[in-house]
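# Report on the structure
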Amino acid sequence: MKLVLLLCVFISTISWSQVFVNEASNANGTTLVQSDGSNPDCIELFNSGTTNVDLRGYGLSDDPALPLKWQFPNYNLSANGFLTVLASGQSDTNVVNHYETAVFANDTWQYTIPTSNLPANWNTLSFSTVTWTAAPLSIGYGDGDDVTNLTGPITSIYAKKVFTVADVSAIKAAIFDIDYDDGFVAYLNGVEIARSGVAGNPPAWDELSADHEATLYQGGTITSYVLDFATIQSLLTNGLNVLAVEVHNSSTTSSDMSLIPYLTFGFNQPTIYYNGTTHPFFQNAANSFFFNTNFSIATAGETVYLSDPTGLIIDSLVVPNLDPDMSVGKLTDGTATNFMFNTPTPSQSNNPSTGYTGFENAPIIDTAGGIRTTSVSVTITNTSLTGGVVRYTTNGQDPTGASTVYSGPILLNANSVLKAKCFPLLTTSLPSATATETYFFMEDFTIPVISITTDPTNLYGPTGIFDNYTTDWRKPCVIEYFDADGVKQFESRASIKPDGGAGGSRSNPQHSVTIEPAHNLYGEGEPVHYPLIPEKGFINDFYAFYLRNGSNMWNQYPQKDATFMRIMRETNANSQAYSPVIAFVNGNYFGVYELREKANEGYFENNYGNDRDSLDLLSISYFYGAGVLRTVKGSDTGFYNMRNFITTYDPASPDYFQKSHEKLDLYNFTDYLAGENFFANADWIYNNMKVARTRTEGNRWRFFLQDMELGLGVWTDYNYNTFDYFRNNNQPNPFWD
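Residues numbered from 1 in each chain as written. Predicted model: local features only at pLDDT ≥ 70, side-chain atom pairs only at ≥ 80, totals over all residues. Heavy atoms only, no water.

Our focus in this paragraph is the overall build of the chain. Counting secondary structure elements, the chain contains 7 helices and 49 strands. The C-alpha radius of gyration computed for the chain amounts to 28 Å, which stays within 12% of the reference 27 Å derived for 737 residues, consistent with globular compactness. Summarising its shape, the C-alpha atoms of the chain cover approximately 85 × 80 × 55 Å along the three principal directions. When each of the 737 residues of the chain is scored for burial, the buried share is 55%. The long-range fraction of contacts in the chain, counting pairs at least 24 apart against all pairs at least 6 apart in sequence, stands at 69%. Summed over all atoms, the accessible surface of the chain reaches about 29,900 Å², with 51% contributed by carbon and sulfur. Computing the positive centroid from 37 side-chain charges and the negative centroid from 74, the chain places the two 3 Å apart. (Helix = DSSP H or I, 4+ residues; strand = E, 2+ residues; numbered from the N terminus. Rg over C-alpha atoms; globule rule 2.2 N^0.38 Å. Buried < 20%, exposed > 50% of the residue type's maximum accessible area, 1.4 Å probe, protein only. Contact = heavy atoms within 4.5 Å. Areas by Shrake-Rupley, 256 points an atom, 1.4 Å probe, with all protein chains shown as cover. Lys, Arg positive; Asp, Glu negative; His and termini not counted. Charge placed at Lys NZ, Arg CZ, Asp CG, Glu CD.)

What follows is the structure, encoded as structure tokens:
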């Protein structure tokens, strides 16, 4: 699984240039983490000359037949200078020279505490605030950090700040930062730019928010929203503009409330437009100087090419399959000799770095894993050509330099996970990839088995996902899949993360997890090719799958929700197919799970042929806030536009249903409501809901059935009137209103 690179000495035969591909990584884990949490691949250029180079028209590519696959805009790379480009697959040629905060919380704002709904244009320049109070924000009560300290309780506060923009064309980025308690909606020149915790469009003055505690007074970080560049360019005008924010409390008797907003712009030139500074909590400077290419670097490894504006390739760099947080590049800046680095140095010189020629050869475990009825003697072949030493473990731990040295056959007679790794004798080499085999003894299975192997510290303790199940941390693992006959069908690296809601999926001793074989850092970078769910045998590629424990019914009837799903399979309601599997973690039995499709972009690609990047996916989960419609991928704008049309268009119009069906799949919606009502699911509306639309197939919103196991016999029975429950469910944030 690891591309072994014994000698990375490449002599360039292409045209000479003073600009080189100096370093690159397809395994960026923590080196360059963006404000949205992403960690894209990266490419570093170095100008070895004594003069600046205008990169306009130069190309970067992963395909020699398309050398100008992505081209630079006007940009001068200074003499002996470095430039890091993110190979994110999301093309962006807007580079920020510096950031300045245009609107500070402690500027003088205009605010009001309403007792009725404000006019619809309250958040625009045309609305007069002469009767409002002038005061600095932060504003609120109860947390002890407010400049303008009010007397609570207060349901909502509305605030506006007029500011000036001298040159809209110079703005290439915008970040809205806010510390808030409990929910808010922010507007720029009357158009919504960010929200959290409230659902109304617009919210009523007395709408209550989901609970959210401010963070700054506790020593935490501010919440940041990187605003869409095209949207900002369309909203801003040279001259006067207005930022408006409404903040809502979670109850009418709440003991605290807070609003601390900032608006910061990134400029493409060194000109100072405001005061030349950013607010004290600003944390987006790491995103300042990065172009983004329209391609990423394959996890398995590929070559990155640099070409001049004519398409002539002037340099290239082979990027192998790297371990997390490694890079490859010139050992000496601007030379032809390439090595691998344990510590990447984007936009800095490689010269002080320690370079490695490659990985040791991985050992071969000669005796295949699987189900055994008697003890087995396992041998390992050391394939090192330079005297490397093989070390191994049998408990799932990753081998280290202190692990047992392999010296002869290993006798196994109990469930074991054998891991072996070769440690180099040469100081210029790195340890090999880890070979893994799992052995089961005296086990009798009639359904498939999935074996998950990971270092125990990834599961338990301060950095473990099982002991920290409320997080969305990802950890590396190896999965092995054995069919019902005990034959291993595949093995793959993958990521593993906690998944599920607040009802027990995460917190039960038998945890629910998502496995991602295609994860670009911990996985193979591509899906596993195997029909994991026989019910949908046409799906052979799984980028990710969900191992569900049954949630609220985990130790009673774990397949209850899956049964409901299967009953609804022939309807128009979206549901996730599943197959039962037995799971072992580091050789220990973890019980029967439902191996399910994930309701993500892969689901729509597999079931509808939709492009993975053309999806709007929204979710409501009690785990993230009851009744809060959360954007998982894409945007929620189209959903609210659909809702507003259906609730305001004349239902007596003869084309009402047809026009509604163009925006909301009414066949899906009808069967979805029928399913929720038939199974009497009271753990719903404020929870357990997903809705999505595919922009390349129909462009209509569809609802997902999910997590219905509390219906028919737990919280409700067959006499339960779910229609009345739905109609009388007075949630604080009804997204349907």
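That covers the picture; the talk isn't over yet.
Attention now moves to the sheet that holds strand β16 (residues 191-196). Spatial ordering of the open sheet is given by β10-β9-β13-β18-β15-β16, a layout of 6 strands whose pairing is antiparallel. Of all strands in the sheet, those with a lone pairing partner are β10 (133-136) and β16, marking the two edges. This sheet shows a mean twist of 25 degrees between the axes of neighbouring strands, independent of strand direction. Here strand β9 (residues 108-112) pairs with strand β13 (residues 156-165) via 3 bridges, running antiparallel. Looking across to β13, one finds that tyrosine 111 is bridged to alanine 159. (Pairing = 2+ DSSP bridges. Axes fitted to C-alpha atoms, helices over the stretch in contact; angles between N-to-C directions.)

With respect to the secondary-structure elements, glutamine 71 resides in strand β5 (residues 70-71). Given a relative accessible area of 36%, glutamine 71 falls into the partly exposed group. Other than its neighbours up to four places away in sequence, glutamine 71 contacts Gly57, Tyr58, Gly59 and Thr93. Polar side-chain contacts of glutamine 71 include one of 2.9 Å to the backbone oxygen of glycine 57. (Polar contact = N/O pair within 3.5 Å; in protein donor to acceptor, adjacent residues only side chain to side chain.)

Mapped onto the elements of the fold, glutamate 360 is located in the loop between β26 (358-359) and β27 (364-365). Of the side chains with opposite charge, arginine 391 comes closest to the buried, unpaired glutamate 360, at an N-O distance of 12 Å. At 2.8 Å, the side chain of glutamate 360 forms a polar contact with the side chain of serine 384. (Salt bridge = Lys/Arg side-chain N within 4 Å of Asp/Glu carboxyl O.)

To continue, consider helix α3 (residues 601-608). Listing the buried residues of α3 in full gives Gly602, Tyr603 and Phe604. Its buried side turned inward, α3 meets β46 (615-620), β48 (689-694) and β49 (701-704). One side-chain oxygen of the residue at the start of α3 lies 3.0 Å from the amide nitrogen of glycine 602, identifying that residue as asparagine 600. One or two steps after α3, the chain reaches glycine 609, where phi turns positive at roughly 75 degrees.

Looking now at the sheet that holds strand β44 (residues 578-585). Pairing is mixed in the closed barrel, where 7 strands are placed in the order β37-β38-β39-β40-β43-β45-β44. With direction set aside, neighbouring strand axes in the sheet form an average angle of 35 degrees. Here 4 bridges tie strand β37 (residues 449-453) to β44, and the two strands are oriented parallel to one another. Directly across from isoleucine 452, in β44, lies its bridge partner valine 585.

Quick look at the packing of helix α4 (residues 637-648) against helix α5 (residues 656-663) now. Direction vectors running N to C along α4 and α5 enclose 170 degrees, while the axes themselves pass 10 Å from each other. Taken together, α4 and α5 sit at an angle that is classed as roughly antiparallel. Two secondary-structure elements touch here, α4 through Met642, Phe645 and Ile646 and α5 through Tyr656, Lys659, Ser660 and Lys663. (Parallel < 35°, antiparallel > 145°, perpendicular 65-115°, else oblique.)

Any two side chains of opposite charge can pair if their charged atoms end up close together. Across all of its chains, the model carries 22 salt bridges by this definition. Between glutamate 524 and arginine 493 there is a salt bridge, and its shortest N-O distance comes to 3.2 Å. Pair noted here: glutamate 524 is in the loop between β40 (513-516) and β41 (528-529) and arginine 493 is in strand β39 (residues 488-498), with a separation of 31 residues, a long-range link. Accessibility assignment for this pair places glutamate 524 and arginine 493 in one class, buried. Several salt bridges share partner residues, and in doing so they unite Arg548, Asp561, Glu594, Arg596, Asp707 and Glu709 into one network.

So, about a nonpolar patch on the surface. On the surface, a nonpolar cluster with roughly 260 Å² of combined accessible area is contributed by Leu125, Val162 and Leu240. One can find valine 162 in strand β13. (Patch = residues over 30% accessible without salt bridge, like charges linked within 9 Å, V, L, I, M, F, W, Y side chains within 5 Å.)

Turning our eyes to something else, we now look at the packing of aromatic side chains. How two aromatic rings sit relative to each other is given by the distance of their centres and the angle of their planes. All told, the structure shown has 44 aromatic pairs when counted by the stated rule. Ring centres 6.0 Å apart and planes at 65 degrees place the aromatic pair tyrosine 672 and tryptophan 684 in the edge-to-face group. One end of the pair, tyrosine 672, is in helix α6 (residues 666-678); the other, tryptophan 684, is in the loop between α6 and β48, and 12 residues separate them in sequence. We classify tryptophan 684 as buried; its relative accessible area is 1%. (Phe/Tyr/Trp six-rings, centres within 6.5 Å; stacked < 30°, edge-to-face > 60°.)

Further remarks concern helix α2 (residues 560-567). Of the residues making up α2, those classed as buried are Lys560, Asp561, Ala562, Phe564 and Met565. On its buried side, α2 packs onto β43 (545-548), β44 and β45 (588-596).

The residue after glycine 152, namely proline 153, is reached through a cis peptide bond having omega 0 degrees. Mapped onto the elements of the fold, proline 153 is located in the loop between β12 (148-149) and β13. Between aspartate 181 and the following residue, aspartate 182, the backbone shows a cis peptide bond with an omega angle of 15 degrees. In the Ramachandran plot, serine 551 falls in the positive-phi region, its phi being about 55 degrees despite a non-glycine side chain. By the secondary structure assignment, serine 551 is in the loop between β43 and α2. The exposure class assigned to serine 551 is buried, which follows from its relative accessible area of 5%.

On their own, these measurements won't tell you what the molecule is for.
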